[in-house]
Amino acid sequence: MLISCDVETYLRYIKDDPVRPHLFDNDALRFGNNFHVFADADIDEDTGEVVVNAMLCAVISPFVLQQEKHLQELAEELGALNGMRESLLEATGEAGLANIFTPYSLWSYRKGAGKKLVNTLLDVVPVKFPEVTHIITMSPPTKMAMDFHIGNGAVLLSPNVETINYEYKIKEGSDVILH
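Residues numbered from 1 in each chain as written. Predicted model: local features only at pLDDT ≥ 70, side-chain atom pairs only at ≥ 80, totals over all residues. Heavy atoms only, no water.

## Considerations on the overall build of the protein chain
(1) Moving on: Scanning the protein chain from N- to C-terminus turns up 4 helices and 7 strands.
(2) Moving on: Beginning at the N terminus, the succession of helices and strands in the protein chain can be written as β-α-β-β-α-β-α-β-α-β-β.
(3) Moving on: Scored against the burial criterion, the 179 residues of the protein chain give a buried share of 41%.
(4) Moving on: For the protein chain, the computed accessible surface area is about 9500 Å², with 54% contributed by carbon and sulfur atoms. (Helix = DSSP H or I, 4+ residues; strand = E, 2+ residues; numbered from the N terminus. Buried < 20%, exposed > 50% of the residue type's maximum accessible area, 1.4 Å probe, protein only. Areas by Shrake-Rupley, 256 points an atom, 1.4 Å probe, with all protein chains shown as cover.)

## Comments concerning the packing of aromatic side chains
Any aromatic ring pair is given by two values, namely how distant the centres are and how the planes are angled relative to each other.
(1) Moving on: In this structure the tally under the stated criterion is 6 aromatic pairs.
(2) Moving on: Aromatic side chains phenylalanine 38 and phenylalanine 101 sit 6.3 Å apart centroid to centroid with 50 degrees between the ring planes, which places their arrangement in the tilted category. Linking phenylalanine 38 in strand S2 (residues 35-43) with phenylalanine 101 in strand S4 (residues 100-108), this pair joins segments that are 63 residues apart in sequence. Accessibility classification places phenylalanine 38 together with phenylalanine 101 in one group, the buried group.
(3) Moving on: Cluster of aromatic residues (ring-pair linked, three or more members): Tyr10, Tyr13 and Tyr109. (Phe/Tyr/Trp six-rings, centres within 6.5 Å; stacked < 30°, edge-to-face > 60°.)

## Observations regarding the pairing of S2
(1) Moving on: Counting buried positions over the 9 residues of S2 gives 7, a clear majority of the element.
(2) Moving on: Here S2 pairs with strand S3 (residues 50-61) via 9 bridges, running antiparallel. Residue pairing for S3: aspartate 40 is matched across the bridge by alanine 54.
(3) Moving on: Hairpin connection, S2 to S3: the antiparallel pair is bridged by 6 residues, and glycine 48 has positive phi, about 80 degrees. (Pairing = 2+ DSSP bridges.)

## Digging into the pattern of salt bridges
(1) Moving on: Taken as a whole and assessed by the stated rule, the structure comprises 5 salt bridges.
(2) Moving on: A salt bridge links lysine 15 to aspartate 16, with the shortest nitrogen-to-oxygen separation between them at 3.0 Å.
(3) Moving on: Looking at lysine 15, the relative accessible area reads 63%, which means it is exposed.
(4) Moving on: Note on aspartate 16: relative accessible area 30%, which makes it partly exposed.
(5) Moving on: The shortest N-O distance in the salt bridge between aspartate 17 and arginine 30 comes to 2.7 Å. Here arginine 30 lies in the loop between helix H1 (7-10) and S2 and aspartate 17 lies in the loop between H1 and S2, a separation of 13 residues in the sequence.
(6) Moving on: With a relative accessible area of 3%, aspartate 17 lands in the buried category.
(7) Moving on: Judged by relative accessible area, which is 0%, arginine 30 ranks as buried. (Salt bridge = Lys/Arg side-chain N within 4 Å of Asp/Glu carboxyl O.)

The structure is reproduced here in structure tokens:
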């Protein structure tokens, strides 16, 4: 099952992030404003407890993120960006800025769970975030990340100095339930 994570219950999993464990002075930033954390989980039939299989951190941004410092800047400047978006809407009648759903960290505790989580989110994003116009990762420049994203149907968008951006096609309509 897909879970939209809250900071109180799921902050403890952030310490396991192998991709970007060093981001932010406060890991709780991953759960605020335009930042989101999702989990793929099951319910243990014996205990009834939630068992997390994989975690994914993402942010909705008005631009393609290409460096880790952009995440920190985005966390600090979301108020200014939201103000800019409102001003553009007022002046032009259009939002004027893209809404890019950017997964920036993914890890799993069970084989295949990361792939399941990404594919489930591809179904959920258009429903939960109808304003999103693109799904573009900010991935580490590794062969493992490339094989993962290309294998899941993403296309290489932009290799950068620190990261590689892959773009996923936004799926139309879904009946996935978000917990």
